Amino acid sequence: MPIYQLQISVSELEDDDIVAQAFIFIAASYETSSSVMSFTLLELAINPFIQDNLRREIEDVLEIHNHKVTYDAIADMNYLDMVVAGE
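Residues numbered from 1 in each chain as written. Predicted model: local features only at pLDDT ≥ 70, side-chain atom pairs only at ≥ 80, totals over all residues. Heavy atoms only, no water.

So the rule is basically this: UniProt positions are given in the numbering used here, feature names are shortened, and annotations may be inferred rather than shown by experiment.
Looking at an unreviewed UniProt entry, one finds the chain named Cytochrome P450, with Dryococelus australis as its source organism. According to UniProt, the comment filed for the chain under the heading Cofactor (unreviewed entry) is "heme".

1. Side note on the overall build of the chain
Note the following rule: The numbering of helices and of strands both runs from the N terminus, where a helix is a DSSP run of H or I of at least 4 residues and a strand a run of E of at least 2. Burial classes follow relative accessibility: with a 1.4 Å probe on protein chains only, a residue under 20% of its type's maximum area counts as buried, one over 50% as exposed, and anything between as partly exposed. When checking whether two residues touch, look at their non-hydrogen atoms; a contact exists if any pair is within 4.5 Å. Each accessible area value is a Shrake-Rupley result obtained with a 1.4 Å probe; residue values ignore everything except the protein chains displayed when judging cover.
When its secondary structure is counted, the chain shows four helices and zero strands. Along the chain direction, N to C, the helices and strands of the chain fall in the order α-α-α-α. Of all 87 residues assigned to the chain, the portion counted as buried reaches 11%. By sequence separation, contacts in the chain at least 24 residues apart represent 33% of the contacts at least 6 residues apart. Working note: accessible area of the chain is about 7900 Å², and carbon and sulfur atoms make up 61% of it.

2. Some remarks on the pattern of salt bridges
For side chains bearing opposite charge, pairing can occur when the charged atoms are close. Put simply, the rule reads: Only one rule defines a salt bridge in this text: a Lys or Arg side-chain nitrogen within 4 Å of an Asp or Glu carboxyl oxygen.
A complete count under the given rule lists one salt bridge for this structure. The partner of Arg55 in a salt bridge is Asp52, and the shortest N-O contact between them spans 3.2 Å. Here the residue Arg55 and the residue Asp52 both occupy positions in helix 2 (residues 48–64), the gap between them amounting to three residues, near one helical turn. The partly exposed category is assigned to Arg55, whose relative accessible area is 41%.

3. Examining a nonpolar patch on the surface
What counts is decided by this rule: Nonpolar side chains (Val, Leu, Ile, Met, Phe, Trp, Tyr) are joined into patches within 5 Å and like charges within 9 Å, using only residues with over 30% relative accessible area and no salt bridge.
On the surface, Phe23, Ile24 and Phe25 cluster together to form a nonpolar patch covering roughly 370 Å² of accessible area. By secondary structure assignment, the location of Phe25 is in helix 1 (residues 15–46). Phe25 sits in the exposed class, given a relative accessible area of 57%.

4. Let's talk about the side chain of Thr40
Residue placement: Thr40 occurs in helix 1. Under the relative-accessibility criterion, Thr40 is labelled buried at 13%.

5. What to know about the side chain of Glu57
The following threshold applies: Two residue types count as positive, namely Lys and Arg, and two as negative, namely Asp and Glu; His and chain ends fall outside the count. N or O atoms within 3.5 Å of each other form a polar contact, as long as, within protein, one can give a hydrogen and the other can take it, and as long as residues adjacent in sequence are counted only when both atoms are side-chain atoms.
Residue position: Glu57 is located in helix 2. For the buried Glu57, no salt bridge exists, and the shortest N-O distance to an oppositely charged side chain is 10 Å, to Arg56. Of note is the side chain of Glu57, whose polar atom sits 3.0 Å from the backbone nitrogen of Asn78. One polar contact links the side chain of Glu57 to the main-chain amide nitrogen of Tyr79, over a distance of 2.8 Å. The residues touching Glu57, leaving out its near neighbours within four places in the chain, are Asp76, Met77, Asn78, Tyr79 and Leu80.

Structure, rendered in structure tokens:
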């Protein structure tokens, strides 16, 4: 079985290239996050039943976690995960 070697040429990045790539990463993540939040808030406004269930879950979970928003507290919010994921 032949072994193929991949030759990759590495070119130097200019400062402008690095800044441009960083800007694209930030802009892309901002747009994605803002779209998800916008559509989620719209759905919550249209569906007060879901909004009430979500509020109840958040209050219950924060009560368990001493009213602190931590990674573990958010990980315990299963309904929140379903709402944001659109399930």
